[in-house]
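What the coordinates show
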Amino acid sequence: MSRALLRLAALPLCASALLAACQTAPPPTASGTAPMTESTERVRIQGEAMYFEKILLPEGAQLRVQVLDNQLADTQQAVLAEQVTTVGPGPYEFAIDVPRAKLRANGQYGLHASVSMPDGSLRFVTDTRVPVSIAADTVDVHVGRIRLTHVQP
């Protein structure tokens, strides 16, 4: 291998080493420990919503993903976090952040997803809540693929 190719191959390694050296640690707090980072203040739940029907949704269709506290049943307080996005052809990836302050020890949580048409009518929905396990030290949860069921208009 020529020297020019070796230098070119080593360039990304040198650049990443320089960038890593430029990063600074957060300043310690009065107690001597580093402050809580954003990752400890929230839990990110990721996944993918999909349906099997060969239906192309019109422009303006929306995916709504909600993280629910199962112990609060069907009250408004049950919704811990919600994300609404305009979608095109599926499957639909999502990442929703839940504030850790809303989580309880030994809590039971679920995920609900739905797709609405531009006029607001429901077209696809999860037929049951998808269980989500969130431990005290959990930062990221990947729920995989969530199946949406067709709702007859």
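Just so it is clear, the structure is predicted and the values come from calculations on it, not from any experiment.

Glancing now at the nonpolar core. By size, the foremost hydrophobic cluster in this structure holds 29 residues, and its most contacted members are Ile45, Leu57, Leu63, Leu111 and Ile134. Those elements that place two or more of their residues in this core are β1 (42–50), β2 (62–69), β3 (79–86), β4 (92–99), β5 (109–116), β7 (130–132) and β8 (140–147). Residues in contact with Leu57, not counting those within four places in the same chain, are Tyr51, Tyr92, Val115, Met117, Arg123 and Phe124.

Right, let's get into the pattern of salt bridges. One pass over the full model with this rule turns up six salt bridges. Of the charged contacts in the structure, one is a salt bridge between Asp140 and Arg42, with a shortest N-O distance of 3.5 Å. With Asp140 in strand β8 and Arg42 in strand β1, this pair connects stretches of sequence that are 98 residues apart. Close ionic contact of Arg44 with Asp97 constitutes a salt bridge, the shortest N to O distance being 2.8 Å. A residue pair is termed long-range when its members are at least 10 positions apart, and Arg44 in strand β1 and Asp97 in strand β4 qualify at 53 residues. Using a relative accessible area of 29% as the deciding quantity, one classes Arg44 as partly exposed.

Turning our attention to the sheet that holds β1. Taken together, three strands build an open sheet; the order of strands is β4-β1-β8 and the sheet is mixed. Looking at the sheet topology across the chains shown, the edges are occupied by β4 and β8. With strand direction ignored, the average angle separating the axes of adjacent strands in the sheet is 20°.

Buried residues dominate β1, accounting for seven of its nine residues. Here β1 pairs with β4 via eight bridges, running antiparallel. Following the sheet pairing, Ile45 is matched in β4 by Ile96.

Low pLDDT marks stretches whose predicted atomic positions should not be read closely. Summary statistics for the chain give a mean pLDDT of 78 and a share of 74% for residues scoring 70 or more. Every residue in residues 3–39 scores below 50 in pLDDT, and together they form twelve contacts with partners more than four places removed in sequence or on other chains.

Another point: the side chain of Thr126. As for its position among the elements, Thr126 is in the loop between β6 (122–125) and β7. Its relative accessible area of 7% is what places Thr126 among the buried residues.

Here the focus is the environment of Lys102. Here Lys102 shows up in the loop between β4 and β5. Exposure remark for Lys102: the relative accessible area of 42% places this residue in the partly exposed category. Counting along the chain gives 25 residues from Lys102 to Gln77, while the straight-line C-alpha distance between them is 10.0 Å. In terms of polar contacts, Lys102 uses its side chain to reach the backbone carbonyl oxygen of Leu80, at 3.1 Å.

This part takes up the packing of aromatic side chains. Given two aromatic rings, their pairing is described by the distance between the two centres and the angle made by the two planes. If you walk through the whole model with that rule in mind, you get two aromatic pairs. A ring pair is formed by Tyr51 and Tyr92, whose centres lie 6.3 Å apart and whose planes are at 45°; its orientation type is tilted. Of this pair, Tyr51 sits in the loop between β1 and β2 while Tyr92 sits in strand β4, and the two are 41 residues apart along the sequence. An angle of 15° between the planes, with centres 3.9 Å apart, marks the rings of Tyr51 and Phe124 as stacked. Here the residue Tyr51 occupies a position in the loop between β1 and β2, and Phe124 occupies one in strand β6, the gap between them amounting to 73 residues. Exposure remark for Tyr51: the relative accessible area of 13% places this residue in the buried category. Overall, the relative accessible area of 0% leaves Phe124 in the buried class.

Rules behind the numbers
- Residues numbered from 1 in each chain as written.
- Predicted model: local features only at pLDDT ≥ 70, side-chain atom pairs only at ≥ 80, totals over all residues.
- Heavy atoms only, no water.
- Core = buried A, V, L, I, M, F, W, Y, C linked by side-chain atoms within 4.5 Å.
- Buried < 20%, exposed > 50% of the residue type's maximum accessible area, 1.4 Å probe, protein only.
- Helix = DSSP H or I, 4+ residues; strand = E, 2+ residues; numbered from the N terminus.
- Contact = heavy atoms within 4.5 Å.
- Salt bridge = Lys/Arg side-chain N within 4 Å of Asp/Glu carboxyl O.
- Pairing = 2+ DSSP bridges.
- Axes fitted to C-alpha atoms, helices over the stretch in contact; angles between N-to-C directions.
- pLDDT = per-residue confidence, 0-100.
- Polar contact = N/O pair within 3.5 Å; in protein donor to acceptor, adjacent residues only side chain to side chain.
- Phe/Tyr/Trp six-rings, centres within 6.5 Å; stacked < 30°, edge-to-face > 60°.

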